[in-house]
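The primary structure of each chain is shown beneath.
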Amino acid sequence: MGIEGVETTHMEAGANIDEGLEERALAFGCGGERLYGILSLPGQAASATRGVLVVVGGPQYRAGSHRQFTLLARELARDGVPVLRFDYRGMGDSEGAARPFDDVDDDLRAAIDAFMAAVPGLREVVLWGLCDAASAIGIYAARDARVAGLVLLNPWVRTEDGLARATLRHYYRARLKDPAFWKQLLRGGLDWRRSLASLLALLRKARGKPMPAAAAGAPATTSLPERMRAGLQDFRGRVLLVIAGADLTAREFCDLADADLAWRGILAPPRVTRRRIDDADHTFSRRAWRDQVARWTSEWLRSW
């Protein structure tokens, strides 16, 4: 049994991935249930003062799509940064009922507690998240003084009208410029009636206006974009924003951020670093994209 109820055990296999890098299984409590994660530790973990907590979006578990989170954690550990990636309640190996990504504050707090107990030298953590995990940590970060930075990949700010506008702007516009689309249409290989009906439905949804930023003193809205905006507005740490240019989720976020004055104000300061891979998909599935994200994360961590 580890410190304050944190259990740490060497993994049955692969505990020493290579010289100077160690991995351990970590179990800790949250709301009377057990959560499980993997610690990736550099050889000089005792001297590390900053660690990275990889938060998993759903439905995934701590390895990530294409093992992205596993490989990221090992790469950062080789650079001297301790990393914990874990499953919050209801995901992966962790106990409990499945829960929405915007209801994981207790899980995040418990994971940070366990991380800092397992690596006693830590004084601050950086939260790293993709998609709805990016949204979860954006909402949470300002509530925990131990969080010094955020890495947000393709943040999820999905609304019905926002998706409709993004689809019209980035999907249909590209389709109309594609000669292959017109050839398929002229050859009768496309159900144009169904496509037209879909287009008209999107146009109706897109007529809705984006939710404006709440004025000072106004009641807080419960919409996801506004909750995330409010969380990031209150957060004073560093932010690394990574966008996949070929991902509709990322484009919906960028459209919102570009169109809203409050969002532009949040993302404009020097403490926010923005990176983009134009042809990358949502999960950065190619090795070159995944490695680029890892390099950017490591360089950004060393920059402050």
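Just so it is clear, the model here is predicted, and its values are computed rather than measured. (Residues numbered from 1 in each chain as written. Predicted model: local features only at pLDDT ≥ 70, side-chain atom pairs only at ≥ 80, totals over all residues. Heavy atoms only, no water.)

**Some remarks on the overall build of the protein**
Helix and strand counts for the protein come out as 10 helices and nine strands. Looking at the protein as a whole, 50% of its 304 residues are labelled buried. In the protein, of all internal contacts separated by at least 6 residues, the share reaching a separation of at least 24 is 69%. Carbon and sulfur atoms make up 52% of the accessible area of the protein, which amounts to about 14,800 Å² in all. (Helix = DSSP H or I, 4+ residues; strand = E, 2+ residues; numbered from the N terminus. Buried < 20%, exposed > 50% of the residue type's maximum accessible area, 1.4 Å probe, protein only. Contact = heavy atoms within 4.5 Å. Areas by Shrake-Rupley, 256 points an atom, 1.4 Å probe, with all protein chains shown as cover.)

**What to know about the environment of Ile38**
As for its position among the elements, Ile38 is in strand 3 (residues 33-42). Classification of Ile38 as buried rests on a relative accessible area of 7%. For the pair Ile38 and Ala27, spaced 11 residues apart in sequence, the C-alpha to C-alpha distance is 8.7 Å.

**Thoughts on the pairing of strand 6 (residues 124-130)**
By the criterion of burial, strand 6 is predominantly enclosed, with six of the seven residues buried. Relative to strand 6, strand 4 (residues 50-55) runs parallel, the two being bridged by six bridges. In the sheet register, Val52 faces strand 6, and the bridge partner there is Val126. Strand direction decides the pairing type here: strand 6 and strand 7 (residues 147-153), joined by six bridges, are parallel. Looking at strand 7, one finds that Trp128 is bridged to Val151. Considered for its hand, the β-α-β crossover made up of strand 6, helix 3 (residues 132-140) and strand 7 is right-handed. (Pairing = 2+ DSSP bridges. Right-handed = clockwise from strand over helix to strand, strands pointing away.)

**Topic: helix 1 (residues 68-78)**
Buried residues dominate helix 1, accounting for eight of its 11 residues. Along helix 1, the residues that are buried comprise Gln68, Phe69, Thr70, Leu72, Ala73, Arg74, Leu76 and Ala77. Gly80 sits one or two residues past helix 1 and shows a positive phi near 95°.

**With respect to the packing of aromatic side chains**
Applying the stated criterion across every chain, the model contains four aromatic pairs. When the centroid spacing of 6.1 Å and the interplanar angle of 50° are considered together, the rings of Phe28 and Phe86 count as tilted. Residue Phe28 is found in strand 2 (residues 21-30), and its partner Phe86 is found in strand 5 (residues 83-87); the two are separated by 58 residues along the sequence. The class of Phe86 is buried, set by a relative accessible area of 1%. The ring of Trp304 carries Arg50 above its face, with NZ or CZ at 3.5 Å from the centroid. (Phe/Tyr/Trp six-rings, centres within 6.5 Å; stacked < 30°, edge-to-face > 60°. Lys NZ or Arg CZ within 6 Å of the ring centre and 35° of its normal.)

**Section: empty space enclosed by the protein**
A probe as big as a water molecule, rolled over the atoms, marks out the empty space that is left. Scanning the entire structure with this criterion turns up one cavity of 30 Å³ or more. The computed volume of the largest cavity comes to approximately 40 Å³. Together, Leu152, Leu232, Phe235, Val239, Ile266, Leu267 and Arg271 line the largest cavity. A per-class count over the lining of the largest cavity returns six nonpolar, no polar and one charged. (1 Å grid on protein atoms, 1.4 Å probe; cavity = no way out; pocket = protein on both sides within 12 Å on 5 of 7 lines; lining within 4 Å. Points joined across faces, edges and corners; volume = space filled by probe spheres on them. Nonpolar A, V, L, I, M, F, W, Y, C, P; charged D, E, K, R; others polar.)

**Points about the packing of helix 1 against helix 10 (residues 287-302)**
Between helix 1 and helix 10, the shortest axis-to-axis distance is 10 Å and the interhelical angle comes to 40°. Note that helix 1 runs across helix 10; the crossing there is right-handed. For the pair helix 1 and helix 10, contact is made by Gln68, Leu71, Leu72, Glu75 and Leu76 and by Arg290, Val293, Ala294, Thr297, Ser298 and Leu301, respectively. By residue class, the composition of the contact of helix 1 with helix 10 is six nonpolar, three polar and two charged. (Axes fitted to C-alpha atoms, helices over the stretch in contact; angles between N-to-C directions. Left-handed = near helix turned anticlockwise from the far one by under 90°.)

**Remarks on the packing of helix 3 against helix 7 (residues 224-234)**
Between helix 3 and helix 7, the least distance of the axes is 7 Å, while the angle of their chain directions is 50°. With respect to helix 7, the axis of helix 3 lies oblique. Helix-helix and strand crossings are classified by hand; for helix 3 and helix 7 the assignment is left-handed. Side by side, helix 3 and helix 7 meet where Ala134, Ser135, Gly138 and Ile139 of the first sit next to Leu224, Arg227, Met228, Gly231 and Leu232 of the second. (Parallel < 35°, antiparallel > 145°, perpendicular 65-115°, else oblique.)

All quantities given are derived from atomic positions and should not be read as evidence of function.
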